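Here is what each chain is made of, one letter per residue.
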Amino acid sequence: MAREARVHRIAARGPDDVSGLTAAVDRGALEPAAIVAILGKTEGNGCVNDFTRGFATASLTDWLRRWPAADADRVALVMSGGTEGALSPHWIVVEVLDAAEPATGTQALAVGHVRTGDLLPEAVGRVAQARMVEEGVRRALRDAGIGDPADVHFVQVKCPLLTAPRIAAVEARGGTVATRDTLRSMALSRGASALGVALALGEVSPDAVAGAIGDDAGPWCSRASCSAGSELLGHEIVVFGMSTAWRGPLAVDHAVMKDAVDVEPVRAAMSRLGLDGQAQLDAASRARLVALLAKAEAAHSGAVRGSRHVMLDDSDIAATRHARAFVGGVLAGLVGHTELFVSGGAEHQGPDGGGPVAIIARRPDPRRPS
């Protein structure tokens with residue numbers, strides 16, 4: 001039996017606003033029992049104390065439990081804090097259904113998801129975390145029925161971070177942590193998770209990971225997007241790829257921005273999905289663009305194409321927040337809307353100062369006008 005993935009982008013008035021999801025269910029556009037993942041952009045600071053992520057997770061869990069057929073404990077909830085600039089808070093809801101018709105032999109969007117076990121705090125930002133994520137991604141590939149890692153276009157990971165109580169608990173039992181700086185722990189956790197994705201996809205060797213975590217110029221993954229938060233202890237992993245065993249109108253492609261203004265690879269990926277145009281997407285193309293997910297990072301060189309930036313020198317606002325706002329604006333100008341899932345902190349996720357971008361789009365139906 002073929003499967004079909006459906007993806008919905010739903011606006012949110014706040015971290016607890018589930019009214020748009022309820023409305024989608026009421027009009028028959030969304031089936032709670034089929035939901036396998038919800039990705040959310042929330043309007044917190046995206047740092048250690050961004051409690052909008054936990055608030056959103058709790059609100060979504062409560063909402064899922066309203067529906068007896070939904071399996072709230074199995075749904076991957078990936079919350080990314082920070083909607084600086086004009087980025088708009090929203091939910092990306094992913095359904096997987098048994099298709100009414102067999103696969104056609106043409107590739108379609110395939111989705112796999114896994115929740116790992118809890119990670120000991122002393123393993124955050126270390127090779128053990130990369131290995132846990134590697135195994136989790138391999139399981140997610142099996143869940144999606146994707147046999148060739150080349151068919152994977154994006155892996156979204158939600159990973160844990162260190163807090164003062166977690167650090168104290170480790171030290172009380174005689175252990176050590178990768179860093180006592182809780183903000184730094186976010187970067188190390190994202191980096192270790194990204195290298196775990198790279199291991200699973202065959203982009204790096206195990207030897208390249210040891211000692212590389214946190215190295216700004218180290219190895220990187222072209223398809224990983226990792227976001228750290230205090231609201232979990234394990235990892236939520238969602239894989240987006242293409243497979244002939246799936247059917248439906250949705251497709252996914254990806255690009256890698258070499259720096260914060262590198263839109264041409266993104267434009268090329270959109271073109272491969274039939275979203276052509278040398279200018280900003282028109283209304284018809286925007287209607288077919290279901291979701292855009294991206295990573296943003298302040299270049300550690302302190303420059304973008306030779307011109308100085310001050311994102312790393314601002315003591316008031318974290319560089320990840322600057323980067324989200326800047327890259328969000330660049331991509332919004334390209335696609336023509338602001339409901340973009342832009343995540344800050346791209347350690348080992350694309351080249352320094354750049355990052356991966358994924359686009360999920362509805363292909364035109366040849367039987368109907370687009």
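Residues numbered from 1 in each chain as written. Predicted model: local features only at pLDDT ≥ 70, side-chain atom pairs only at ≥ 80, totals over all residues. Heavy atoms only, no water.

Quick notes on the side chain of R223
Phase 1: Position of R223 relative to the elements: it lies in the loop between α6 (206–209) and β7 (224–229).
Phase 2: Reaching out from R223, the side chain makes a polar contact with the backbone oxygen of P149 at a distance of 2.7 Å.
Phase 3: For R223, the side chain forms a polar contact with the main-chain oxygen of V152, separated by 2.9 Å.
Phase 4: Discounting residues that sit within four places of it in the chain, R223 has contacts with P149, A150, V152, H153, F154, V155, L201, E203, H254 and P356. (Helix = DSSP H or I, 4+ residues; strand = E, 2+ residues; numbered from the N terminus. Polar contact = N/O pair within 3.5 Å; in protein donor to acceptor, adjacent residues only side chain to side chain. Contact = heavy atoms within 4.5 Å.)

With respect to unusual backbone geometry
Phase 1: Phi at R305 is positive, roughly 50°, even though this residue is not glycine.
Phase 2: Summarising the element assignment, R305 is placed in the loop between β12 (303–304) and β13 (307–308).
Phase 3: Even without being glycine, H348 reaches a positive phi, approximately 60°.
Phase 4: Position of H348 among the secondary structure elements: in the loop between β14 (341–344) and β15 (355–362).

Focus on helix α2 (residues 52–64)
Phase 1: With 13 residues, α2 extends 18 Å between its outermost C-alpha atoms, agreeing within 8% with the 18 Å of an ideal straight helix rising 1.5 Å per residue.
Phase 2: For α2, every residue scored as buried is listed here: T52, R53, A56, T57, S59, L60, T61, W63 and L64. (Expected span 1.5 Å × (residues − 1). Buried < 20%, exposed > 50% of the residue type's maximum accessible area, 1.4 Å probe, protein only.)

Regarding helix α1 (residues 19–26)
Phase 1: Looking only at α1, the buried set comprises L21, A24 and V25. Seen end-on, α1 carries its buried residues on one side only, within an arc spanning 100°.
Phase 2: Among the residues trailing α1, G28 stands out with phi positive, at a value near 80°. (Arc of directions from axis to C-beta.)

Details of the environment of V330
Phase 1: Here V330 is to be found in helix α9 (residues 319–335).
Phase 2: Linking V330 and V261, residues 69 residues apart in sequence, is a C-alpha distance of 6.5 Å.
Phase 3: Setting aside residues up to four positions removed in sequence, V330 forms contacts with A260, V261 and V263.

So, the environment of V93
Phase 1: Summarising the element assignment, V93 is placed in strand β4 (residues 90–98).
Phase 2: As a C-alpha pair, V93 and L77 span 16 residues in sequence and 9.6 Å in three-dimensional space.

Looking at the pattern of salt bridges
Phase 1: Scanning all chains against the criterion turns up 22 salt bridges.
Phase 2: Note that R131 and E134 form a salt bridge whose closest N and O atoms lie 2.8 Å from each other. One end of the pair, R131, and the other, E134, are both in helix α3 (residues 127–144), three residues apart, so they sit about a helical turn from each other.
Phase 3: The partner of E171 in a salt bridge is R180, with the nearest N and O atoms 2.8 Å apart.
Phase 4: Under the relative-accessibility criterion, R180 is labelled exposed at 59%.
Phase 5: Where salt bridges share partners, they join R53, K158 and E231 into one cluster. (Salt bridge = Lys/Arg side-chain N within 4 Å of Asp/Glu carboxyl O.)

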